[in-house]
Amino acid sequence: IHCFVMRNARYIVIKKLFDAGQGGVLKITGGSGAGKTRLLRDLKYTASLNGMHVLDLWRNDEKETQFFISQLGGMLSSSSGKFTVVVIDDFDGLCGDAAACPLIDMIRIAINKSSPQLLFVLASRESLKEWAGAEMKLGNFSRDEIREYVSSLAGPPEDVMEFIVDETLKKT
């Protein structure tokens, strides 16, 4: 199964960024359940398969955040020449007060360094207007996207697929 089923247009945007080796910021925004975390995991996997270095932060945990900051600091002070993707999920939940957050400060420094070898991918429920960069907004899945996903899993008969699609749409 292709890891970007139902997100092919978004995959094309990400693939172009990877192929161009273009650094900067990619903001992925959308409500709960829109597929941000899944897209980030698929992006991380694809980057690794393409030989890129991946640094990620998935939860708001003080030890993990400190480790992430030290890894990012190390990357900034030494240039490996390898394209690096920095993936941060739930970006809006990382710091209660962004003005006093060392992680936010470090990311701003890294982005201002403008390394063409460094791509930040920030996922958030809220719009990240204060951050320059491309934005990819995820919405709820359409009937056709759910059908595509269900048939990619098992290819059920049409009546079973319609039932699954209807039940999924009721929950979103």
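The residue count restarts for each chain, going from 1 along the sequence in the order it is written. Note on the predicted model: pLDDT of at least 70 is required for a residue's local features to be given, and 80 or more for side-chain atom pairs to be given and counted; whole-chain, interface and lining totals, by contrast, use all residues. To obtain the side-chain values, all non-hydrogen atoms of the structure were used and water was disregarded.

Caption draft 1: Spatial organisation of the overall build of the protein chain. The way it works is that DSSP assigns letters per residue, a run of H or I at least four long becomes a helix, a run of E at least two long becomes a strand, and they are numbered from the N terminus. Secondary structure assignment for the protein chain yields six helices and five strands. The helix and strand sequence of the protein chain, counted from the amino end, reads α-β-α-β-α-β-α-β-β-α-α. Here, residues are in contact when the closest pair of their heavy atoms is within 4.5 Å. For the protein chain, the proportion of contacts with a sequence separation of at least 24, taken over those separated by at least 6, is 74%. By element, 53% of the accessible surface of the protein chain is carried by carbon and sulfur atoms, the whole surface being about 9500 Å². Here the open area of atoms and residues is found with the Shrake-Rupley method and a 1.4 Å probe, where only the protein chains shown may cover a residue.

Caption draft 2: Representation of the sheet that holds strand 5 (residues 134-137). DSSP calls a pair of strands paired once it identifies at least 2 bridges connecting them. Across the sheet, which stays open at both edges, the five strands sit in the order 2-3-4-1-5 with parallel pairing between neighbours. One side of each edge strand has no neighbouring strand; the edge strands of this open sheet are strand 2 (53-57) and strand 5. Averaged over all neighbouring strand pairs, the angle between strand axes comes to 15°, with direction disregarded. Note that strand 1 (residues 24-29) and strand 5 share four bridges and pair parallel. Bridge pairing in strand 5 places Leu26 opposite Ala134. To define axes, lines are fitted to C-alpha atoms, for helices over the stretch in contact only, and angles between the resulting N-to-C directions are given on a 0 to 180 degree scale. Of the strands in this sheet, strand 2, strand 3 (84-88) and strand 4 (118-124) are in contact with helix 3 (residues 62-77), which crosses strand 2 at around 150°.

Caption draft 3: View of the pattern of salt bridges. Salt bridge, as applied in this entry: a Lys or Arg side-chain nitrogen positioned within 4 Å of an Asp or Glu carboxyl oxygen. Counted by the stated rule, this structure contains four salt bridges. Between Arg38 and Asp42 there is a salt bridge; the shortest N-O distance is 3.0 Å. Of this pair, Arg38 and Asp42 are both found in helix 2 (residues 36-49), four residues apart, which corresponds to roughly one turn of the helix. Exposure categories follow from relative accessible area, calculated using a 1.4 Å probe and restricted to protein chains: below 20% of the type maximum is buried, above 50% is exposed, and the middle band is partly exposed. With a relative accessible area of 9%, Asp42 lands in the buried category. One salt bridge in this structure joins Lys170 and Glu167, with 3.0 Å as the shortest N-O distance. Here Lys170 and its partner Glu167 are both found in helix 6 (residues 158-171), three residues apart, which amounts to about one turn of the helix.

Caption draft 4: Region of the structure containing the pairing of strand 3. Among the five residues of strand 3, five are classified as buried, and the element is accordingly described as predominantly covered. Of the two faces of strand 3, the one carrying Thr84, Val86 and Ile88 and the one carrying Val85 and Val87 are both buried.

Caption draft 5: How the structure looks around the confidence of the model for the protein chain. Residue-level confidence of the predictor, termed pLDDT, takes values from 0 up to 100. The pLDDT averaged across the protein chain works out to 75; a share of 78% of its residues lies at or above 70. When mean pLDDT is taken per element in the protein chain, strand 3 scores highest with 86 and helix 1 (residues 8-20) scores lowest with 69.

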